[in-house]
Amino acid sequence: MRKAIFPGSFDPITLGHVDIINRALPLFDKIVIAIGINADKKYMFSLEERIQFIKENYKNEPKITVETYSGLTTDFCQKINVDFILRGLRNPADFEFEKAIAQTNRKLSNIETVFLLTSADTAFISSSIVRDVYRHGGNITSFVPKSVHKK
């Protein structure tokens, strides 16, 4: 069974995330959307809300599960027996950052990172931009799945 995790804070999940997940579904038998918990980070949406946004969006997709973790992603991968880390790339800066993480993860374990390029129509979307628009009362419906803009 080919299992992958798609790690992130998903604060909130965006259409960019959804694009990567949906395009990865044919590649893997199971995808664990892994919400990382960082005690030092201030989140806009609660952990429960973020889990619910994802579960609601993928309620009809049996290949998707949602889990939370803290600590090293590679440790979590080994704990749940996952061999692939899924990551999306929006631009060259993402590539350089993600490449360094992937190389570190590969040094720590035998876990491979699989990169997918975001679609042109979602490449500009980031959770931080969505949070900024939301914080200032802007309309985020064209950036996030329905499960988020129901909030």
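The rules behind the values
- Residues numbered from 1 in each chain as written.
- Predicted model: local features only at pLDDT ≥ 70, side-chain atom pairs only at ≥ 80, totals over all residues.
- Heavy atoms only, no water.
- Helix = DSSP H or I, 4+ residues; strand = E, 2+ residues; numbered from the N terminus.
- Rg over C-alpha atoms; globule rule 2.2 N^0.38 Å.
- Contact = heavy atoms within 4.5 Å.
- Areas by Shrake-Rupley, 256 points an atom, 1.4 Å probe, with all protein chains shown as cover.
- Salt bridge = Lys/Arg side-chain N within 4 Å of Asp/Glu carboxyl O.
- Buried < 20%, exposed > 50% of the residue type's maximum accessible area, 1.4 Å probe, protein only.
- Pairing = 2+ DSSP bridges.
- Right-handed = clockwise from strand over helix to strand, strands pointing away.
- Axes fitted to C-alpha atoms, helices over the stretch in contact; angles between N-to-C directions.

Asker: Lay out the overall build of the protein chain in plain terms, naming residues and giving numbers.
Answerer: Along the backbone of the protein chain there are six helices and five strands. Written out in order from the N terminus, the α and β elements of the protein chain read β-α-β-α-β-α-β-α-β-α-α. What you see for the protein chain is a C-alpha radius of gyration of 15 Å, in line with the 15 Å of a compact globule of 151 residues. Along the first, second and third principal axes, the C-alpha atoms of the protein chain reach 45 × 35 × 35 Å. When contacts within the protein chain are restricted to residue pairs at least 6 apart in sequence, those whose partners lie at least 24 apart make up 78%. Carbon and sulfur atoms provide 53% of the accessible area of the protein chain, an area that totals close to 8,300 Å².

Asker: Mind laying out the pattern of salt bridges, listing which residues take part and the relevant values?
Answerer: Per the stated rule, a full pass over the model turns up eight salt bridges. Notably, a salt bridge pairs Asp 94 with Arg 90, separated by 2.9 Å at the nearest N-O pair. Classification of Arg 90 by relative accessible area gives partly exposed; the value is 34%.

Asker: Go over the pairing of strand 1 (residues 3–8), please, and point to the residues and values.
Answerer: Extensive coverage of strand 1 is indicated by the burial of five of its six residues. Sheet analysis places strand 1 next to strand 2 (residues 30–36), joined by six bridges and oriented parallel. Residue pairing for strand 2: Ile 5 is matched across the bridge by Val 32. Of the crossover connections in this fold, the one passing from strand 1 over helix 1 (residues 15–24) to the parallel strand 2 is right-handed. Pairing of strand 1 with strand 4 (residues 84–89), which is carried by two bridges, proceeds in the parallel orientation. Its bridge partner lying in strand 4, Ile 5 is registered against Ile 85.

Asker: A description of the sheet that holds strand 2 should follow, citing residues and the corresponding values.
Answerer: Spatially, five strands are ordered 3-2-1-4-5 in an open sheet, and the strand pairing comes out parallel. Only two strands of the sheet have a single neighbouring strand rather than two, namely strand 3 (64–69) and strand 5 (112–117). Averaged over all pairs of adjacent strands, the angle between strand axes in this sheet comes to 30°, irrespective of strand direction. Of the pairings in the sheet, the one linking strand 2 to strand 3 comprises six bridges and is parallel in character. Its bridge partner being in strand 3, Ile 31 is matched across the sheet by Ile 64. On top of the sheet, helix 1 reaches strand 1, strand 2, strand 3, strand 4 and strand 5; it is set at about 115° to strand 5, its chief contact. The sheet strands contacting helix 4 (residues 92–108) are strand 4 and strand 5, and the helix crosses strand 4 at an angle near 170°.

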